[in-house]
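Coordinate analysis (summary)
Here's the letter readout for the chains.
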Amino acid sequence: DPLGASWYRSDWLGVYYEGSYPWVFSIDSEWFFTMSREESNLWLYQEELGWYWTNPDAYPYLYSDKESGWLYFGGRDGDFELYYSFLSDSWFSVEN
């Protein structure tokens, strides 16, 4: 849903800014690069995670190209995003 001045709200992505597309700023995940504005099939890039895919039905599950497997986004803890890797059966954090 448009909020004005290139800001949008999504039920699953939260509040984000598209004014620097293809770089997008998300209140939850900070900066990421996307190849599409189509929310139903998103390939996203973050330096620490590499390329990953998700959509409204899969989120908070993310398919990681780097791991060739699934991650679970567990939320934020201060300056860190928490992820669970099904491949390694372990949690890890990424600093924002």
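The structure reproduced in this document is the subject of the present report. Only a predicted model underlies this, so the values are computations on that prediction, with no experimental measurement involved.

1. Things to note about the overall build of the protein chain
- Per the secondary structure count, the protein chain includes zero helices and 11 strands.
- In sequence order, the secondary structure elements of the protein chain are arranged as β-β-β-β-β-β-β-β-β-β-β.
- For the protein chain, the C-alpha atoms occupy an extent of roughly 40 × 30 × 20 Å along the three principal directions.
- Within the span of the protein chain, comprising 96 residues, buried residues form 33% of the whole.
- Within the protein chain, contacts between residues separated by at least 24 positions form 14% of all contacts whose residues are at least 6 apart in sequence.
- Of the roughly 5800 Å² of accessible surface on the protein chain, 50% is carried by carbon and sulfur atoms.
- Each charge class in the protein chain can be summarised by its mean position, and for the 4 positive and 17 negative side chains these summaries are 5 Å apart.

2. So, the pairing of strand 4 (residues 23-26)
- Only one face of strand 4 is buried: it carries V24 and S26, and the other face, with W23 and F25, is open.
- One ladder, built from three bridges, connects strand 3 (residues 14-20) with strand 4; its direction is antiparallel. Bridging across to strand 4, S20 finds its partner in W23.
- Between strand 3 and strand 4, which pair antiparallel one after the other, the connecting turn spans two residues.
- Across four bridges, the pairing between strand 4 and strand 5 (residues 30-34) is antiparallel. In the strand pairing of strand 5, F25 is matched with W31.

3. A closer look at the sheet that holds strand 2 (residues 7-10)
- Here 11 strands make up an open sheet; going across it, the order is 1-2-3-4-5-6-7-8-9-10-11 and the pairing antiparallel. The open sheet has two edge strands with one neighbour each: strand 1 (2-4) and strand 11 (90-95). Direction aside, the axes of adjacent strands within the sheet are offset by 35 degrees on average.

4. Notes on the packing of aromatic side chains
- Across all of its chains, the model carries 17 aromatic pairs by this definition.
- Where W23 meets F33, the ring centres are 5.3 Å apart and the plane angle is 70 degrees; that geometry is what we call edge-to-face. Taken together, the residues span a long stretch of sequence, with W23 in strand 4 and F33 in strand 5 at a distance of 10 residues.
- A relative accessible area of 24% means that F33 is categorised as partly exposed.

Cut-off values and rules
- Residues numbered from 1 in each chain as written.
- Predicted model: local features only at pLDDT ≥ 70, side-chain atom pairs only at ≥ 80, totals over all residues.
- Heavy atoms only, no water.
- Helix = DSSP H or I, 4+ residues; strand = E, 2+ residues; numbered from the N terminus.
- Buried < 20%, exposed > 50% of the residue type's maximum accessible area, 1.4 Å probe, protein only.
- Contact = heavy atoms within 4.5 Å.
- Areas by Shrake-Rupley, 256 points an atom, 1.4 Å probe, with all protein chains shown as cover.
- Lys, Arg positive; Asp, Glu negative; His and termini not counted.
- Charge placed at Lys NZ, Arg CZ, Asp CG, Glu CD.
- Pairing = 2+ DSSP bridges.
- Axes fitted to C-alpha atoms, helices over the stretch in contact; angles between N-to-C directions.
- Phe/Tyr/Trp six-rings, centres within 6.5 Å; stacked < 30°, edge-to-face > 60°.

So yeah, pure geometry; function would need other evidence.
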